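The chain contents come next:
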Amino acid sequence: GDSVTQMEGPVTLSEEACLTINCTYTATGYPSLFWYVQYPGEGLQLLLKATKADDKGSNKGFEATYRKETTSFHLEKGSVQVSDSAVYFCALTDSGNTPLVFGKGTRLSVIA
Amino acid sequence: GAVVSQHPSWVICKSGTSVKIECRSLDFQATTMFWYRQFPKQSLMLMATSNEGSKATYEQGVEKDKFLINHASLTLSTLTVTSAHPEDSSFYICSARRPGQGGGYTFGSGTRLTVV
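The rules we used
Residues numbered from 1 in each chain as written. Chains lettered and ligands numbered in written order. Predicted model: local features only at pLDDT ≥ 70, side-chain atom pairs only at ≥ 80, totals over all residues. Heavy atoms only, no water. Helix = DSSP H or I, 4+ residues; strand = E, 2+ residues; numbered from the N terminus. Rg over C-alpha atoms; globule rule 2.2 N^0.38 Å. Buried < 20%, exposed > 50% of the residue type's maximum accessible area, 1.4 Å probe, protein only. Contact = heavy atoms within 4.5 Å. Areas by Shrake-Rupley, 256 points an atom, 1.4 Å probe, with all protein chains shown as cover. Lys, Arg positive; Asp, Glu negative; His and termini not counted. Charge placed at Lys NZ, Arg CZ, Asp CG, Glu CD.

Draft legend 1. Geometry of the overall build of chain B. Within chain B, the secondary structure is distributed over zero helices and eleven strands. The order of α-helices and β-strands along chain B, N terminus first, is β-β-β-β-β-β-β-β-β-β-β. In terms of C-alpha radius of gyration, chain B reaches 14 Å, essentially the compact-globule figure of 13 Å for 116 residues. Along the first, second and third principal axes, the C-alpha set of chain B runs to 45 × 30 × 20 Å. Counting all 116 residues of chain B, 52% fall into the buried class. Residue pairs in contact within chain B that sit at least 24 positions apart in sequence constitute 52% of those at least 6 positions apart. As displayed, chain B has an accessible area near 5,800 Å², and 51% of this comes from carbon and sulfur atoms. Here chain B holds 11 positive side-chain charges and 8 negative ones, and the gap between their average locations is 4 Å.

What follows is the structure, given as structure tokens:
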């Protein structure tokens, strides 16, 4: 079945450092790819998404590009802030009304 | 738009009692909702797919008699944890897909269940 693999955390960075969280996927079709963020004690919020190869999703300074050739959707940000501290989940869905399949999540802590 | 309201946010119950969690789509109709469970510092595991007007589809290993799902209307799905035990303590999150092409998934804010 479909699966998502993302880098293990936790990741601790200093403010203004560069961030990359790796995500690779396995899917039978052509999935849509997502990054969700979960702040402490809260539910999940969509951060960005991409629905086809070479699409780039971006939001709040975060970016991720749908790379079909490497089956990857790595999350990047050039300069992180303390407020970015959260757990980040990579996810995919094949199509239609199928549920999201999540990676294990990567906890990011940004220190001042 | 596309808001999903989940209630309660947290609940503490005694072992052996039942707890009902509600998930409502406030401004759209959701024929399908998804229930996830999240253990501390782990990912979300899909428990079941809730279908309006029909039986829920449970993932392998999820006890359907223990986790009762009802989706009686296009805007409401409920998850009832029956005869709860401490090992059922977890964070439960519901989700629904927003209508329209490219509609993403909206998540409820989650329910933290603690069984004592």
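Draft legend 2. A look at the overall build of chain A. Along chain A, the regular secondary structure elements total zero helices and twelve strands. Secondary structure elements of chain A occur, N-terminal to C-terminal, as β-β-β-β-β-β-β-β-β-β-β-β. Its C-alpha atoms give chain A a radius of gyration of 13 Å, within 12% of the compact-globule value 13 Å for 112 residues. Residues counted as buried form 43% of the 112 residues belonging to chain A. Once local pairs closer than 6 in sequence are excluded, the contacts in chain A between residues at least 24 apart make up 56%. Counting only carbon and sulfur atoms, one obtains 49% of the accessible surface of chain A, whose full area is about 5,300 Å². Charged side chains in chain A number 9 positive and 12 negative. The centres of these two groups are separated by 3 Å.

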